[in-house]
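The chain contents come next:
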Amino acid sequence: MRRHEKRRQKSGLKRAVIFLIVFVLVLLGGWYYIVGRLYEKMNYLEAAEYADEPWQQDGVVNILLIGNDSRENGEDGRSDAMILLSVSDKTKSIYMTSILRDIYVDIPGHEGNRLNAAYAFGGPGLLMETIEQNFDIDVNRYVLVNFEAFAALVDAVNGVDLELSGQEIEYVNAYLAEYNMLTNRAEGTDYMDTGASGMVHLNGPQALAYSRNRYIGTDFGRTERQRKVLGAVIEKLPMAVLAGPEKIVDGILPNLTTNLTKGECFALSLQAGKFLLYENGQGSIPVEGTYNPADIRGMAVLEIDFEKNKEWFKDHIYNQ
């Protein structure tokens, strides 16, 4: 009788395990289908030289976020912003590092120039290669974001609250004038009260205008503003996805271009819960005290100490 009960218990346990495995596989299959449908909304553009490179190296996923000034998808326009998004299992952190576009670098196959010239010469592939060679850091995945995607991203989380000075608000309106003209919106649309200052609410176009301002604090101030907006968006994004996923799907994804594969996006999505526990950090390259303004062939550029900036990457991202 006892043997019969033991066999029955083993049989029941076996069925439970099989059921659990099948249930998990069904869930994963359903999730893979959902991720696949979302992935199809984006634009895939391979960087051929990196097609066989692993997307994660030494416990770190580096994704170069490229903001270009195009109103259309693709590689046209200039690389108006470059932010390296590093998800590091070594430091348990998600780090956003702005890389200033005026850094004077060696560009493979070309004469030395500003960093953003690499994008103009050869698109995301050459830009990633240039960053790799000059900063000794693995970068082989990118996401290209145009104006419309950036504004739509902010609107998808119902805007962001940031502290602005009166002078910054004046520049927001100045950049909105250009944006409204380029997007065929009525003059004065979304203009802010120039008498306001302090904590204010910004919608998508206003946040974009705020992020493009390089006249207060030069390019260092501009990149800091970009990171502030992205940081505020990241904080609100999980709730926004739950409340209205259609804004993300229809407003943002069609305006993104990437060389991340569907499988890589699926793998990232499975780790989303873990990423919520990671610390968030941000910085910029060049590091303070490691650069000097210079004039090279009539170009106003930044000459930097590459070795010190390489060390910064190793410390903050790879914990070396």
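Preceding block: the structure.
Presented here is a report on the structure given in the accompanying data block. (Residues numbered from 1 in each chain as written. Predicted model: local features only at pLDDT ≥ 70, side-chain atom pairs only at ≥ 80, totals over all residues. Heavy atoms only, no water.)

1. Digging into the overall build of the protein
Here is step 1: Across its full length, the protein carries 10 helices and 13 strands.
Here is step 2: Out of the 320 residues belonging to the protein, those deemed buried represent 49%.
Here is step 3: Partitioning the contacts of the protein with sequence separation of at least 6, the portion at a separation of at least 24 is 71%.
Here is step 4: About 16,500 Å² of surface is accessible on the protein, with carbon and sulfur atoms providing 55% of the total. (Helix = DSSP H or I, 4+ residues; strand = E, 2+ residues; numbered from the N terminus. Buried < 20%, exposed > 50% of the residue type's maximum accessible area, 1.4 Å probe, protein only. Contact = heavy atoms within 4.5 Å. Areas by Shrake-Rupley, 256 points an atom, 1.4 Å probe, with all protein chains shown as cover.)

2. Some details on the pattern of salt bridges
Here is step 1: Considering all chains together, one arrives at 8 salt bridges under this definition.
Here is step 2: In this structure, Asp102 and Arg114 form a salt bridge, with 3.4 Å as the shortest nitrogen-oxygen distance. Separated by 12 residues along the polypeptide, Asp102 in the loop between strand S4 (93-99) and strand S5 (104-105) and Arg114 in strand S6 (residues 113-114) bring together distant segments of the chain.
Here is step 3: The buried category is assigned to Asp102, whose relative accessible area is 15%.
Here is step 4: A salt bridge links Glu168 to Arg225; its shortest N-O distance comes to 3.3 Å. Separated by 57 residues along the polypeptide, Glu168 in helix H4 (residues 166-182) and Arg225 in helix H6 (residues 218-243) bring together distant segments of the chain. Note on accessibility: Glu168 and Arg225 belong to one class, buried.
Here is step 5: Put simply, Asp102, Arg114 and Arg214 are held in one network by salt bridges that share partners. (Salt bridge = Lys/Arg side-chain N within 4 Å of Asp/Glu carboxyl O.)

3. Regarding the nonpolar core
Here is step 1: Counting 50 residues, the largest nonpolar core has Val160, Leu162, Leu164, Leu202, Val229 and Leu256 as the members making the most contacts within it.
Here is step 2: Here this core gets 8 residues from one element, more than from any other, and that element is helix H3 (residues 147-156).
Here is step 3: In this view, Leu202 contacts Val154, Gly159, Val160, Leu162, Leu164, Met192, Ala207 and Tyr210; residues no more than four positions away in its chain are not counted.
Here is step 4: Counting 33 residues, the second-largest nonpolar core is a separate cluster that includes Leu84, Leu126, Met128 and Ile317. (Core = buried A, V, L, I, M, F, W, Y, C linked by side-chain atoms within 4.5 Å.)

4. Quick look at the packing of H4 against helix H5 (residues 204-212)
Here is step 1: Two numbers describe how H4 lies on H5: the axes approach to 8 Å, and their chain directions differ by 110 degrees. Relative to H5, the element H4 is oriented roughly perpendicular. The crossing of H4 and H5 is right-handed. In this structure, H4 contributes Glu168, Val172, Tyr175, Leu176, Glu178 and Tyr179 to the contact, and H5 contributes Pro205, Gln206, Leu208, Ala209, Tyr210 and Arg212.
Here is step 2: Classifying every residue of the contact of H4 with H5 by side-chain character gives 8 nonpolar, 1 polar and 3 charged. (Axes fitted to C-alpha atoms, helices over the stretch in contact; angles between N-to-C directions. Parallel < 35°, antiparallel > 145°, perpendicular 65-115°, else oblique. Left-handed = near helix turned anticlockwise from the far one by under 90°. Nonpolar A, V, L, I, M, F, W, Y, C, P; charged D, E, K, R; others polar.)

5. Topic: the packing of aromatic side chains
Here is step 1: The tally for this structure, following the rule as stated, stands at 6 aromatic pairs.
Here is step 2: When the ring of Phe135 is compared with that of Phe306, the centres are 5.5 Å apart and the planes differ by 55 degrees; the resulting orientation is tilted. You can see Phe135 sitting in helix H2 (residues 115-135) and its partner Phe306 sitting in helix H10 (residues 306-316), a full 171 residues away along the chain.
Here is step 3: Overall, Phe306 belongs to the partly exposed group, its relative accessible area being 21%. (Phe/Tyr/Trp six-rings, centres within 6.5 Å; stacked < 30°, edge-to-face > 60°.)

6. Digging into H4
Here is step 1: The terminal C-alpha atoms of H4, which comprises 17 residues, lie 25 Å apart, in line with the 24 Å expected from a rise of 1.5 Å per residue.
Here is step 2: Within H4, the full set of buried residues consists of Glu168, Ile169, Val172, Asn173, Tyr175, Leu176, Tyr179 and Asn180.
Here is step 3: Positive phi appears at Asn184, one or two residues downstream of H4, with a value of about 60 degrees. (Expected span 1.5 Å × (residues − 1).)

7. As for the side chain of Arg222
Here is step 1: Along the chain, Arg222 turns up in helix H6.
Here is step 2: Residues in contact with Arg222, not counting those within four places in the same chain, are Asp80, Arg101, Ser211, Arg212, Asn213 and Arg214.

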